[in-house]
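Summary of the model geometry
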Amino acid sequence: MGGDADKAAPAKSAAAAAAVEDHDIASGAEVDAAFYRWLTNAAQPHATAEVEQQILAELTRLAQSAVDGAALVPRVPAIIPQLMRTLRDDDMNAADLSRQLQQDLVLVAEVYREANRPCYRPRYHSSPPVNTIEGAIMLLGQNGMRMLLARVAFRPIISMQSGLLAKKTAPLIWRQSEKCAQAASLLAPSLRANAFEAYLAGLMANVGIVVAFRLIDQMHKDGAVPQSDEFIDELFAQGRILSARIAALWEFPETVTSAIEQSGQDDAPAMAQTLALSDRVSKLRMLVDANKFVPDDPFVVNGLGKAALACFGKLEDEEDE
């Protein structure tokens, strides 16, 4: 009997493998829906179709009037766009950058904190802590400074949420955004996109979804949350438009705003393709880490190439700063 069971095992494995191969690749809308339902706890009461339409109508209005939408999230500090422009110059001057940084003491503190982290100063290194702003800038380098500033700019978006749904979901969206940005910077070179601009696009892509959750909190306080496929699809579509418009108001590069708006479209430019893939990988990573799927579930792995799968693995242990 044991022998029969052993003989049957390979056939079972082959059948399972065939099932994986034949499984349809999940669409971007299906990944968005799974991510949204995890964020909002789909088991709670569902909003009516009428409520869904009211929310979508207001979200669409905000997407067409980005100033109103931007009012629902804290604006990035005024110094950030100026610093970003300085950091885009490959001939960055540490002295000039330090003078700009000193206009914002919070940023100065963040730069010191980052430069003195163990990953920049290994335990066996006997030199004293970095105690000058120019020294910290030189240690972090151009890309390190860029990514630090981007993260600092976005933190207030998470800490300023007030409604129940926004408070619950904003930290998770931020975590996904950081993973998306990391994935974008890793995947950009193979797709011939600028790694830093891809990183910015990843951080910014779902700001519109944070706005949407604040809107749901403000319009309907009975705890019922929209859950229909049609609502979720339109919410992410309008959220992308709103994210792009807010990014433009915040003076992000035009390549970043275009990538957000064109993400998921057929024949999109390289930056938008990078963002779409990074958004998918990061959302799937979040769902797997939350035990909603196993890592080798067809829903997760089908459609991901070798580079995307490698990136998916690297995101597993990423933690918020």
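Residues numbered from 1 in each chain as written. Predicted model: local features only at pLDDT ≥ 70, side-chain atom pairs only at ≥ 80, totals over all residues. Heavy atoms only, no water.

Some thoughts on the overall build of the chain
When its secondary structure is counted, the chain shows 16 helices and zero strands. In the chain, which comprises 321 residues, the share counted as buried stands at 49%. With an accessible surface of roughly 15,700 Å², the chain has 53% of that area assigned to carbon and sulfur atoms. (Helix = DSSP H or I, 4+ residues; strand = E, 2+ residues; numbered from the N terminus. Buried < 20%, exposed > 50% of the residue type's maximum accessible area, 1.4 Å probe, protein only. Areas by Shrake-Rupley, 256 points an atom, 1.4 Å probe, with all protein chains shown as cover.)

What about the packing of aromatic side chains?
Here the structure, examined in full by the defined rule, presents four aromatic pairs. Centre to centre, the rings of Tyr36 and Phe213 are 5.8 Å apart; their planes meet at 25 degrees, and the pair counts as stacked. In this pair, Tyr36 is assigned in helix α2 (residues 28-40) and Phe213 in helix α11 (residues 207-219), connecting sequence segments 177 residues apart. Grouping residues by exposure puts Tyr36 and Phe213 together as buried. Seen in terms of ring centroids, Phe293 and Phe299 are 4.7 Å apart; in terms of plane orientation they differ by 5 degrees. Their pairing is stacked. What makes Phe293 partly exposed here is its relative accessible area of 22%. Relative accessible area serves as the criterion here: at 14%, Phe299 is assigned to the buried category. Taken together, the aromatic side chains of Tyr36, Phe213 and Phe231 make up a single cluster linked through ring pairs. The ring centre of Phe312 lies 4.2 Å from the NZ or CZ of Arg285, which sits over that ring. (Phe/Tyr/Trp six-rings, centres within 6.5 Å; stacked < 30°, edge-to-face > 60°. Lys NZ or Arg CZ within 6 Å of the ring centre and 35° of its normal.)

So, the pattern of salt bridges
Tallied over the full model, the rule gives seven salt bridges. Close ionic contact of Arg37 with Asp229 constitutes a salt bridge, the shortest N to O distance being 2.7 Å. Of this pair, Arg37 sits in helix α2 while Asp229 sits in helix α12 (residues 229-249); the two residues are 192 residues apart in sequence, bridging distant segments of the chain. As a salt-bridge pair, Arg245 and Glu261 come within 3.9 Å of each other at their nearest N and O atoms. Placement of Arg245 in helix α12 and of Glu261 in helix α13 (residues 254-262) is noted, with a sequence separation of 16 residues between them. With relative accessibility at 28%, the residue Arg245 sits in the partly exposed group. (Salt bridge = Lys/Arg side-chain N within 4 Å of Asp/Glu carboxyl O.)

Regarding the confidence of the model for the chain
A residue-level look at the chain finds 81% of positions with pLDDT of 70 or above and a mean pLDDT of 81. The weakest mean pLDDT in the chain belongs to helix α1 (residues 2-22) at 39; the strongest belongs to helix α14 (residues 270-289) at 97. Ignoring residues within four places in sequence, the model shows residues 1-22, a span with pLDDT below 50, making two contacts including any to other chains. (pLDDT = per-residue confidence, 0-100. Contact = heavy atoms within 4.5 Å.)

Section: helix α6 (residues 94-101)
Residues of α6 that are buried: Ala94, Leu97, Ser98, Gln100 and Leu101. The arc that holds the buried residues of α6, viewed along the axis, is 160 degrees, so those residues lie on one side. (Arc of directions from axis to C-beta.)

Let's talk about the side chain of Thr40
You can see Thr40 is positioned in helix α2. A polar atom in the side chain of Thr40 sits 2.9 Å from the side chain of Gln227. In contact with Thr40, not counting residues within four places along its chain, are Leu165, Lys168, Phe213, Val225 and Gln227. (Polar contact = N/O pair within 3.5 Å; in protein donor to acceptor, adjacent residues only side chain to side chain.)

A closer look at helix α5 (residues 79-88)
Judged by how many residues are buried, α5 sits mostly within the fold: seven of ten residues are covered. Along α5, the residues classified as buried are Ile79, Ile80, Pro81, Leu83, Met84, Thr86 and Leu87.

Topic: the packing of helix α3 (residues 49-64) against α12
Orientation of α3 relative to α12, taken along the N-to-C sense of each, is 20 degrees, at an axis distance of 8 Å. Classified by the angle between their axes, α3 and α12 sit roughly parallel to one another. Note on packing geometry: the crossing formed by α3 with α12 is left-handed. Contacts from Glu52, Ile55, Leu56, Leu59, Thr60, Leu62, Ala63 and Gln64 in α3 reach Phe231, Glu234, Leu235, Gln238, Ile241, Leu242 and Arg245 in α12. Residues belonging to the contact of α3 with α12 are distributed by class as follows: nine nonpolar, three polar and three charged. (Axes fitted to C-alpha atoms, helices over the stretch in contact; angles between N-to-C directions. Parallel < 35°, antiparallel > 145°, perpendicular 65-115°, else oblique. Left-handed = near helix turned anticlockwise from the far one by under 90°. Nonpolar A, V, L, I, M, F, W, Y, C, P; charged D, E, K, R; others polar.)

Some thoughts on the environment of Ala237
Structurally, Ala237 is set in helix α12. The class of Ala237 is partly exposed, set by a relative accessible area of 26%. Each C-alpha atom of the pair Ala237 and Thr60 lies 9.5 Å from the other, and the pair is 177 residues apart in sequence.

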